[in-house]
Amino acid sequence: MPRRCQIPGSSRVAATATRLEPGAAYNRRHESISNREFAAVSAQGIVVAGLRKRYGATLALDGMSFTVRPGLVTGFVGPNGAGKSTTMRVVLGLDAVEEGTALIEGRRYRGLRHPLNHIGSLLDASALHPGRSGRDHLLWLAHSQGLAARRVDQVIEQVGLIPAARRKAGGYSLGMRQRLGIAAALLGDPPAVMLDEPFNGMDPEGIVWMRGFLRSLAAQGRAVLVSSHLMSEVQDTADHLVVVGRGKVIADAGVADLIAAASGNRVAVRTTAGTAAMRVLAQAGAAVAAVGRDTITVTGLSPDRIVGLLNECTVAFSEVSPHRPTLEEVYLELTREAVEFRTATPPEEVAR
Ligand SMILES: Nc1ncnc2c1ncn2[C@@H]1O[C@H](COP(=O)(O)OP(=O)(O)OP(=O)(O)O)[C@@H](O)[C@H]1O
């Protein structure tokens, strides 16, 4: 038997969890944005640069910087309290900052003469008069902004609210209020759209509709920023992700790039002989980790070498393939240290 297969049963294998380094690999694309591209984005999309804001002792924004490009859905994700809503309020001129700038098509919100023609937003779907019908709410908004009344019926149709448009908005479900809020955001046919947690209160059918709708807005060339604290809501919707935590950007990259960067050179091995496989591969110098009932990940050895070692040591396995983490796994790893409120550790974990 080869020497590397003769490993004492008592030898311990350190299950090394591969840490994703927040920053570097993910942000490379963002940092390498050329001056020409930056000028194009700032002329058409949304630019957030170096925002810093305190609420008393809380540092809500700590140098928040990113761009929202036209033609893309940008997911704005992060744990509770990461600074997503505050950033959006700053873009809309509702909150002041101590440092930094937020620009829409190269201008501050307050410098826009007809803001709804430049940016549409949904911050709080419940901010409406409960006694007014959805249609009247939109008519009032259109009138106050000098927009044509016919636009109201167009946006009602766009968001699928025709059957409920003449009913009192106070009786709407949260999902219907979200649709009404999006209709309001689209009144001015703006090139940029910013929606805070639009999936909130949506049933599964509504979520599917919302995903398709957001994608269609981007396909029309709009810059679309969508916040969420749930990865499952933005996956299959966003082209680009800005992951934030504790008031700053942790990662800013395309969805495919994020997954590729997070997979590193890890290889997944499916085996029912996990302990034996981990010993053999660790002995050969690899970092190994158990990631499921019958799956381990291996860093530091090529798939061919892994197959060779396991065969040589007669360790049974059914599959060796490059590891591809889910977007949810990537997100959880990136935001692990930025979660403001953690679930309490179960007592048995503490006792160990
Ligand atoms: N008006 C306020 N007064 C005091 N603190 C505030 C205020 N608004 C936000 N904060 C604090 O600023 C930080 C950022 O909050 P923000 O609402 O922007 O986060 P978020 O990412 O939108 O979170 P969530 O996903 O829970 O909506 C949090 O610590 C929050 O408690």
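Because the structure is predicted, anything quoted here is derived from the model rather than measured.

Peer 1: So what's going on with the overall build of the protein? Residues and values would help.
Peer 2: What the protein contains, in helices and strands, is 13 helices and 13 strands. The buried share of the protein, reckoned over its 352 residues, is 41%. The contacts of the protein with a sequence gap of at least 6 include a subset with a gap of at least 24, amounting to 73%.

Peer 1: How would you sum up the site of the ligand? Please name residues and give values.
Peer 2: Lining the immediate environment of the ligand, one finds Tyr55, Thr58, Ala60, Gly78, Asn80, Gly81, Ala82, Gly83, Lys84, Ser85, Thr86 and His229. Mapped by element, the contributors of at least two residues to the shell around the ligand are β2 (58-68) and α3 (84-91). If one sorts the elements of the shell around the ligand by residue count, α3 sits on top with three residues. Classifying every residue of the shell around the ligand by side-chain character gives three nonpolar, eight polar and one charged.

Peer 1: So what about the pairing of strand β10 (residues 267-270)? Which residues, and what values?
Peer 2: As judged from the four bridges shared by β10 and strand β12 (residues 295-299), these two strands associate in the antiparallel manner. When the bridges of β12 are listed, Arg270 appears paired with Thr295. Pairing geometry for β10 and strand β13 (residues 319-322), over four bridges, is antiparallel. Paired with Val267 across the two strands is Pro322, which belongs to β13.

Peer 1: Break down the domain arrangement of the protein for me, with residues and values.
Peer 2: For the protein, the domain assignment lists domain 1 (3-18 + 264-338) and domain 2 (24-118 + 190-260). Each partner contributes residues to the interface: domain 1 has nine residues there, and domain 2 has 15 residues. Looking at the side of domain 1 that touches domain 2 residue by residue, the class counts come to six nonpolar, one polar and two charged.

Peer 1: How would you sum up the UniProt feature "domain: ABC transporter" (unreviewed entry) in the protein? Please name residues and give values.
Peer 2: The feature "domain: ABC transporter" (unreviewed entry), as annotated in UniProt, sits at residues 46-271 in this numbering. This span, residues 46-271, is 31% helix and 28% strand, and a straight line between its end C-alpha atoms measures 48 Å.

Peer 1: Account for the packing of helix α9 (residues 255-263) against helix α12 (residues 327-335), with residues named and values stated.
Peer 2: Remark: α9 packs on α12, axes separated minimally by 10 Å, with the N-to-C direction vectors making an angle of 70 degrees. Relative to α12, the element α9 lies roughly perpendicular. Residues Val255, Leu258, Ile259 and Ala262 of α9 form the contact with α12, whose own contacting residues are Leu327, Val330 and Glu333.

Peer 1: Report on the environment of Arg113, specifying residues and quantitative values.
Peer 2: Relative to the helices and strands, Arg113 resides in the loop between β4 (99-104) and β5 (119-122). For Arg113, a count of 7 C-beta atoms within 10 Å gives the class exposed. Separated by twelve residues in the primary sequence, Arg113 and Ala125 have C-alpha atoms spaced 24 Å apart.

About the thresholds
- Residues numbered from 1 in each chain as written.
- Predicted model: local features only at pLDDT ≥ 70, side-chain atom pairs only at ≥ 80, totals over all residues.
- Helix = DSSP H or I, 4+ residues; strand = E, 2+ residues; numbered from the N terminus.
- Buried ≥ 20, exposed ≤ 12 C-beta atoms within 10 Å, placed from the backbone.
- Contact = placed C-beta atoms within 7 Å.
- Near = placed C-beta within 6 Å.
- Nonpolar A, V, L, I, M, F, W, Y, C, P; charged D, E, K, R; others polar.
- Pairing = 2+ DSSP bridges.
- Domains from an automatic or database assignment.
- UniProt positions renumbered as here; feature names shortened; annotations may be inferred.
- Axes fitted to C-alpha atoms, helices over the stretch in contact; angles between N-to-C directions.
- Parallel < 35°, antiparallel > 145°, perpendicular 65-115°, else oblique.

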